[in-house]
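Single-letter residue listing:
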Amino acid sequence: MSNDWTVENSKQLYNVDKWGNGYFGINQEGNAIVKISPSSDQEKPVEYNIKEIVDQLIADEEIHPPVLLRFSHILKHRIGQINKAFNNAIKEYGYSNRYHGVYPIKVNQERHVVDEIVEFGKSFGFGLEVGSKPELILALGVVEDDEVPILCNGFKDDEYIETVLFAKKMGRNIIPIVEKLSDLHLIIKYSKSLKVKPVFGLRVKLAAKGAGRWESSAGYKSKFGLSITEVLEALKILDAVDMKDCLQLVHYHMGSQINNIGSIKNAVNEACRVFVYLYKGGAGVKYLDVGGGLGVDYDGTKTSTESSINYTLQEYANDIVFHIKEICDDAKVPQPIILSESGRALVAHHSVLVVEAVGSNTIQQTVPEKNGIKHAIIDEMYEIYDGLKISNCVESFHDVEHLLNKCNSLFNYGYIDLHQRSITERLYWSICTKIIELNQTLKSPELDRLNKKFIDTYFCNFSIFQSLPDTWAIDHVVPVMPIHRLNQEPTQNAHLVDITCDSDGKMEKFIQEGSIKDHIRLHKLIEDEKYLIGAFLVGAYQEVLGDIHNLFGDINAVHVTHDDEGKVVINHIIKGDTIQELLEYVHYDTKGLLANMKRSILLAVKDNRLTKDEAHIFSNFYSVGLNGYTYLEESRMEL
Ligand SMILES: Cc1ncc(COP(=O)(O)O)c(C=O)c1O
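Thresholds, definitions, all that
Residues numbered from 1 in each chain as written. Predicted model: local features only at pLDDT ≥ 70, side-chain atom pairs only at ≥ 80, totals over all residues. Helix = DSSP H or I, 4+ residues; strand = E, 2+ residues; numbered from the N terminus. Buried ≥ 20, exposed ≤ 12 C-beta atoms within 10 Å, placed from the backbone. Near = placed C-beta within 6 Å. Nonpolar A, V, L, I, M, F, W, Y, C, P; charged D, E, K, R; others polar. Domains from an automatic or database assignment. Axes fitted to C-alpha atoms, helices over the stretch in contact; angles between N-to-C directions. Parallel < 35°, antiparallel > 145°, perpendicular 65-115°, else oblique. Left-handed = near helix turned anticlockwise from the far one by under 90°. Contact = placed C-beta atoms within 7 Å. Pairing = 2+ DSSP bridges.

A. Fine view of the overall build of the chain. Within the chain, the secondary structure is distributed over 22 helices and 23 strands. Each principal axis of the C-alpha distribution contributes one length, and for the chain these read about 100 × 70 × 55 Å. The buried share of the chain, reckoned over its 639 residues, is 42%.

This is the structure we're talking about:
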């Protein structure tokens, strides 16, 4: 461990300046910080110390990790930045119409998140996009302003369309988007029966392919949208009922996290050609909705890899505005109002998950003392240990591998007992530990594979299935780093595992030194001291996709903001689920469970298996447990 480790080394190791996008950093005391840029000339930049926030939550509010910190000012800044990028592009290219963002609720439907987006988005005419009936019901209840656009995607039944058209009749700016021709028939049917003139859009199935993990969301075989033949059919149907003027919007969606700007250019070109055709065919089109897909640079490499993007927000906005203008001008068609449905790029940055490492399994060994347990293999291993030097490292490694295999075979035949095997294994690991040290000078590729065996396991009090489901389901990589001790050298190579009893509940891919590695460097745990690790950029999709594997429920969440003096203010505290809530969710009658338990305890007292005092303590323990957090409440697990 070197004493000259500085926070600059940590910044490089965890790549924070690259993926942090200006929102995250490390202060001189070695704590992770949130950096809030001023949104007006009157404001000053503010820094939050994440470790201090967590300490304060524990001390003042009894809110323990795992906890999700949502930084409201980052959300506000993201909305501002997306609008700014489009407005810059509109100015630069002399675009004659305007831009509005529309937030797809599915990306994070949490009430306070949606409320903040609606509030912060007001001055930009920001709207909401819904993809299901429940989301429609949510949006209609949340949005009170008739001007705010509500776009309605997803599968639709009669009730969905009727609700939309009632809202339209009431005066709401609501636009259903036809994803299948059957949607169009429903819109025509109910607009007649409700006597309302609808405004609606068509989602077009583009030939242009997306890029990255969700590339199949676009293309001929995509799940949603009308093929070009169906678009023509829709126009014919509308002509027949004299409703071509109601078709006002053209929409496409290329899939999420488009990592390559080339795909964005191709798609906007193709969609704009469809727009132009529909306009010339007599449709009342005036909006072009470019969907979601604006990506997030999770690993900070600015490349077209799955966890990065090879373009900036400004380049994205420039390309969309430029291509629409160029095509419309060529065709002498009025430039449309541009809508985009960016979800991930809007909300990902604002949430940080903080978890506590409650224990670790370290393989590194010091050599066991000779204690009279004898065997030829043991003697040979001690000799190898004593004679280890750079020049015989590789040979010694091959020898101990052979000896360990031999020991295991002899054990299986009954020629080696448990004690002998234990000493042999400990010697094996201590020799390997020394070889790894020597290999730092030797740098033999043959010995590099030893590093894999020496990756520690850090047990963290959370559920990957609940809080980072994409890392399990689709190998998604998010930036991870400790939120303190960043002025000390992290000496351990580690994997993170969660507390579910599922062997898939682990993280083995991390952003380290500018690329994706199979381990993360962490600090040695110190007894009786919390070790807190942050997973960053987790505001998009993770919360709602999370599941209750092992009955681990929603975690504590808090909204963090600041006052005029820049002092941190905890705005909302949303307590995580209790065990009782989880049990009721899976349809248990918790009162019944408690009554059953009390009956069993009384019986145990009657049969003298428990004393009255024990019965009282146990009964209390059970009912208090029901109301407790679903995660570990003791600070350190004994391992
Ligand atoms: C129709 C539609 N719009 C917008 C989005 C949001 O995409 P993103 O989060 O990549 O911006 C999605 C999600 O995939 C979607 O299906």
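Here the narrative resumes.
B. The arrangement of the site of the ligand in detail. By nearness alone, 17 residues border the ligand, and Ser256, Gly292, Glu341, Gly343 and Arg344 come closest of all. Classifying every residue of the shell around the ligand by side-chain character gives five nonpolar, nine polar and three charged.

C. Structural detail: unusual backbone geometry. Omega for the peptide link from Pro65 to Pro66 comes to 5°, which places this bond in the cis form. Tracing the sequence through the fold places Pro66 in the loop between helix H3 (50-61) and strand S4 (67-71). Look at Glu62: it is not a glycine, yet its phi comes out positive at around 55°. Within the secondary structure layout, Glu62 lies in the loop between H3 and S4. On the basis of neighbour counts, which here come to 11 C-beta atoms within 10 Å, the residue Glu62 falls in the exposed class. Positive phi outside glycine occurs at Asp528, with the angle close to 60°. Within the secondary structure, Asp528 sits in the loop between strand S20 (520-522) and strand S21 (532-535). Its 7 C-beta neighbours within 10 Å are what place Asp528 among the exposed residues.

D. Examining the domain arrangement of the chain more closely. What the domain assignment lists for the chain is domain 1 (1-69 + 351-358 + 454-576), domain 2 (95-342), domain 3 (376-449) and domain 4 (588-626). Computed from C-alpha coordinates alone, the two centres of domain 2 and domain 3 are separated by 63 Å.

E. Local environment of the packing of helix H10 (residues 261-280) against helix H11 (residues 313-331). Where H10 contacts H11, the two axes come as close as 9 Å, and the packing angle between them is 30°. What the angle tells us is that H10 and H11 run roughly parallel. Once H10 is placed against H11, the crossing between them reads as right-handed. Across from Ile261, Ile264, Lys265, Val268, Asn269, Cys272, Arg273 and Val276 in H10, the residues of H11 making contact are Glu315, Tyr316, Asp319, Ile320, His323, Ile324, Ile327, Cys328 and Ala331. When its residues are assigned to classes, the contact of H10 with H11 shows eleven nonpolar, two polar and four charged.

F. Broad picture of the sheet that holds strand S11 (residues 287-289). The eight strands are arranged S5-S6-S7-S8-S9-S10-S11-S12 in a closed barrel whose pairing can be described as parallel. The mean angle between the axes of side-by-side strands here comes to 25°, regardless of whether they run parallel or antiparallel. Along the sheet, H10 contacts strand S10 (247-251) and S11; its crossing angle with S10, the most-contacted strand, is approximately 165°.

G. How the structure looks around the sheet that holds strand S2 (residues 32-36). Spatially, three strands are ordered S1-S2-S3 in an open sheet, and the strand pairing comes out antiparallel. Each edge of the open sheet carries a strand with a single partner, namely strand S1 (24-26) and strand S3 (46-49). Put simply, the sheet's adjacent strands are angled 35° from each other on average, direction ignored. Pairing of S1 with S2, which is carried by three bridges, proceeds in the antiparallel orientation. Among the inter-strand pairings, Gly25 is bridged to a residue of S2, identified as Ile33. Most of the contacts of H3 go to S3, to which it runs at about 55°, and overall it touches S2 and S3.

H. The environment of Cys152, seen in detail. Locating Cys152 in the fold gives a position in strand S7 (residues 150-152). Residues Cys152 and Ile175, 23 residues apart in the sequence, show an inter-C-alpha distance of 6.1 Å. Contacts of Cys152, omitting those with residues within four sequence positions, involve Val130, Leu136, Val164, Ile174, Ile175, Pro176 and Ile177.

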